[in-house]
Amino acid sequence: MDPDVARRLFEEGATLVLLGVPVGTELGIDCKSWQVGPRFKGVKMIPPGLHFLHYCSVNQPSCGGEIGPKTGLFLNLKPRQILLANWDPKEEDLNFEVSQNEEEVSRIRANLQDLDPHLGPYPYEVMRKWVSLTDRVSEEVANSLQPLSGRICAFSDVIPELQMKHTKDRAEQPRNDTACQSMKEGLDRLPRMKPREGTELRFSVIPEKTYPPGATPAEITQCSLDLSYALDTVLEKNHDLQPLNLLGELQFAFVCFLIGNVYEGFEHWKRLLALLCRSEEAMRKRKELYLGLIAVLYHQLGEIPPDFFVDIVSQDNFLTSTLQDFFQFASGPGVDGTLRKRAEKFKAHLTKKFRWDFDADLDDCAPVVVDLPEGVTVD
């Protein structure tokens, strides 16, 4: 890097000062990670904006050297900002409380040049990729979706639904002193768990019922084929003022899975994608949302490792069948011409890159519409 450019980035960029991180810890920012060495004290020259800091604690080689689950958090950094954290060995986590100490931050700022040899530069070679994956994730979106604890963990922190502090509570639970006769019996014996309060990702809730209250059987069938009612419900409850923030949520979920190793992020990404791709009426009304969706998917699918499709995405043919519905609806009557052309180009791109067949006969998968007898209603 040109020395003048490097100096300007050092002066204008944000700095993460991370003290006491154990040697061998896997730590990264955005799409890049490293193994921490003995001189590491943070990251410098970070461009202002949204970033994802992530790390895994590692046992000492004498204790097996196992790598712990990944922890991450989204940070919105400002020009010249210094964010300070100390490693907490008991919690195996970074503690940012010291950043509230203005005197300590000022001391670090005054000695930043001395600290410079211990700071790794931000990996600008992955900046374009990071921006393409998160350009719809505003600070507002990230703050609304991130757990109240401020940490996104690959493995959920769960606790029993019943604390069973009293003998009576324990007596009512299934006994575990005899062999199970079936898988179901074994599962029934396990304690029911729930996420610890404040650790859950706060994704939009996608309604199980995709039709309005009091809908007729014909309306239920229509709302099952066209998920626009369910999509409108999600937008009204979560992104009423900024519908395009739903694309930010799609990106947030994808990053949580791809970089943060959070499987829940993948599941939510799938549910959101199915909701968007199977909303025919919405495609006619929400042109900008769907033009944005194509751009988001273009970059996301470009970053997924090839074997990922074999191992996960291709299960139940999810992605191809979902996109098949999308392309079918996008070519239908009433769809904006720009959106139609963009969808056709995207379809050709995916067909060429992944050799997916989006023109397979859909009739075999068509649902059977059943008219219920008079007086029979569906809950």
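Please read these numbers as outputs of a predicted model, since none were measured by experiment. Counting restarts for each chain: residues are numbered from 1 in the order of the written sequence. At least 70 in pLDDT is required for a residue's local features to be given in this predicted model, at least 80 for side-chain atom pairs to be given and counted, and no such filter applies to totals for whole chains, interfaces and linings, which use all residues. Excluded from the side-chain calculation are hydrogens and water; included are all heavy atoms of the structure.

So, on to the overall build of the protein. When its secondary structure is counted, the protein shows 16 helices and 12 strands. Buried positions account for 41% of the 379 residues belonging to the protein. Contacts: residue pairs with any heavy atoms within 4.5 Å of one another. Of the contacts made within the protein by residues no fewer than 6 positions apart, 71% connect residues no fewer than 24 positions apart. Method for areas: the Shrake-Rupley scheme with a 1.4 Å probe, in which residue coverage is limited to the protein chains shown. Total accessible area on the protein is roughly 21800 Å²; 51% of this is exposed by carbon and sulfur atoms. We count a stretch as a helix when DSSP gives it H or I for four or more residues in a row; a strand needs E for two or more, and each element gets its number in order from the N terminus. Relative accessibility thresholds used throughout: buried, under 20% of the residue-type maximum; exposed, over 50%; partly exposed, between the two (1.4 Å probe, protein chains only).

Now for the confidence of the model for the protein. Within the protein, residue pLDDT values average 87, and 85% of them lie at 70 or more. Confidence drops under a pLDDT of 50 for residues 365-370, and excluding neighbours within four residues, the segment shows 2 contacts in the predicted structure. pLDDT is a per-residue confidence score from the predictor, ranging from 0 to 100.

Bringing helix 13 (residues 287-303) into the picture now. For a helix, the expected span equals 1.5 Å multiplied by the number of residues minus one. The terminal C-alpha atoms of helix 13 lie 25 Å apart, and with 17 residues this matches the ideal 24 Å at 1.5 Å per residue to within 8%. Three or more residues of helix 13 are buried, namely L289, Y290, L291, G292, L293, I294, V296, L297, Q300 and L301.

Ring pairs are drawn from Phe, Tyr and Trp, using the six-membered ring of Trp, whenever the two centres fall within 6.5 Å, and their geometry is named by plane angle: stacked under 30 degrees, edge-to-face over 60, tilted for the rest. Going through the model one piece at a time under the given rule, you end up with 16 aromatic pairs. For the pair F74 and F252, a centre-to-centre distance of 4.7 Å together with 25° between the ring planes defines the contact as stacked. Of this pair, F74 sits in strand 6 (residues 71-77) while F252 sits in helix 10 (residues 245-258); the two residues are 178 residues apart in sequence, bridging distant segments of the chain. Each member of the pair, F74 as well as F252, carries the same accessibility label: buried. Plain terms: the ring middles of F354 and W356 are 4.6 Å apart, the flat faces sit at 20° to each other, and that makes the pair stacked. The pair formed by F354 and W356 is uniform in burial state, with each residue classed as buried. A network of ring pairs unites the aromatic residues Y290, F326, F327, F346, F354, W356 and F358 as a single cluster. In this arrangement the basic side chain of K270 is found over the ring face of F318, its NZ or CZ atom lying 5.4 Å from the centre. In this analysis the charged atom, NZ for Lys or CZ for Arg, is taken to sit over a ring once it is within 6 Å of the ring centre and within 35 degrees of the ring normal.

The next subject is the packing of helix 15 (residues 318-330) against helix 16 (residues 337-354). Packing of helix 15 against helix 16 leaves a shortest axis separation of 9 Å and a crossing angle of 145°. The interaxial crossing formed by helix 15 with helix 16 has left-handed handedness. Contacts between helix 15 and helix 16 involve L323, F326, F327 and A330 from the first element and R340, A343, F346, K347 and L350 from the second. As a working rule, the residues Ala, Val, Leu, Ile, Met, Phe, Trp, Tyr, Cys and Pro are called nonpolar, Asp, Glu, Lys and Arg charged, and the rest polar, with Gly in that last group. Class assignment of the residues belonging to the contact of helix 15 with helix 16 gives a composition of 7 nonpolar, no polar and 2 charged. To obtain an axis, a line is fitted to C-alpha atoms, over the contacting stretch when the element is a helix, and the angle between two such axes runs from 0 to 180 degrees between their N-to-C directions. Each crossing gets its hand from how the near helix is turned against the far one by less than a right angle, where anticlockwise is left-handed and clockwise is right-handed.

In this section: the sheet that holds strand 4 (residues 42-46). Two strands make a pair as long as DSSP finds a minimum of two bridges between them. Spatially, the 5 strands line up as an open sheet ordered 8-7-1-4-9, and their pairing is mixed. Looking at strand neighbours, the two that pair on one side only are strand 8 (93-95) and strand 9 (119-121), the edges of this open sheet. Neighbouring strand axes in the sheet, compared pairwise and without regard to direction, differ in orientation by 25° on average. Direction of pairing for strand 1 (residues 14-19) relative to strand 7 (residues 82-88): parallel, over a ladder of 5 bridges. Looking at strand 7, one finds that L16 is bridged to L83. Here helix 2 (residues 102-110) sits on the sheet in contact with strand 1 and strand 7, set at roughly 110° to strand 7.

To continue, consider the side chain of T134. Mapped onto the elements of the fold, T134 is located in helix 4 (residues 127-134). The class for T134 is buried, based on a relative accessible area of 7%. Not counting chain neighbours up to four residues away, the residues in contact with T134 comprise Q251 and V255.

Another point: the pattern of salt bridges. A side chain of one charge can pair with a side chain of the opposite charge if their charged atoms are brought near each other. Think of a salt bridge as a Lys or Arg side-chain nitrogen and an Asp or Glu carboxyl oxygen that are within 4 Å of each other. Under the counting rule described, the total for this entry stands at 14 salt bridges. A salt bridge links R80 to E12, with the nearest nitrogen and oxygen atoms 2.7 Å apart. Within this pair, whereas R80 is found in the loop between strand 6 and strand 7, its partner E12 is found in helix 1 (residues 3-12), the two being separated by 68 residues in sequence. Its relative accessible area of 46% is what places R80 among the partly exposed residues. With relative accessibility at 34%, the residue E12 sits in the partly exposed group. Of the charged contacts in the structure, one is a salt bridge between E303 and K129, with a shortest N-O distance of 3.5 Å. Here E303, found in helix 13, pairs with K129, found in helix 4; they are 174 residues apart in sequence, far enough to count as distant. Here E303 falls in the partly exposed class, since its relative accessible area comes to 27%.

With respect to the element layout, G265 can be found in helix 11 (residues 263-277). Of the residues examined, G265 reaches a relative accessible area of 0% and is grouped as buried. For the pair G265 and F203, spaced 62 residues apart in sequence, the C-alpha to C-alpha distance is 9.0 Å. Residues in contact with G265, not counting those within four places in the same chain, are F203, A253 and F257.

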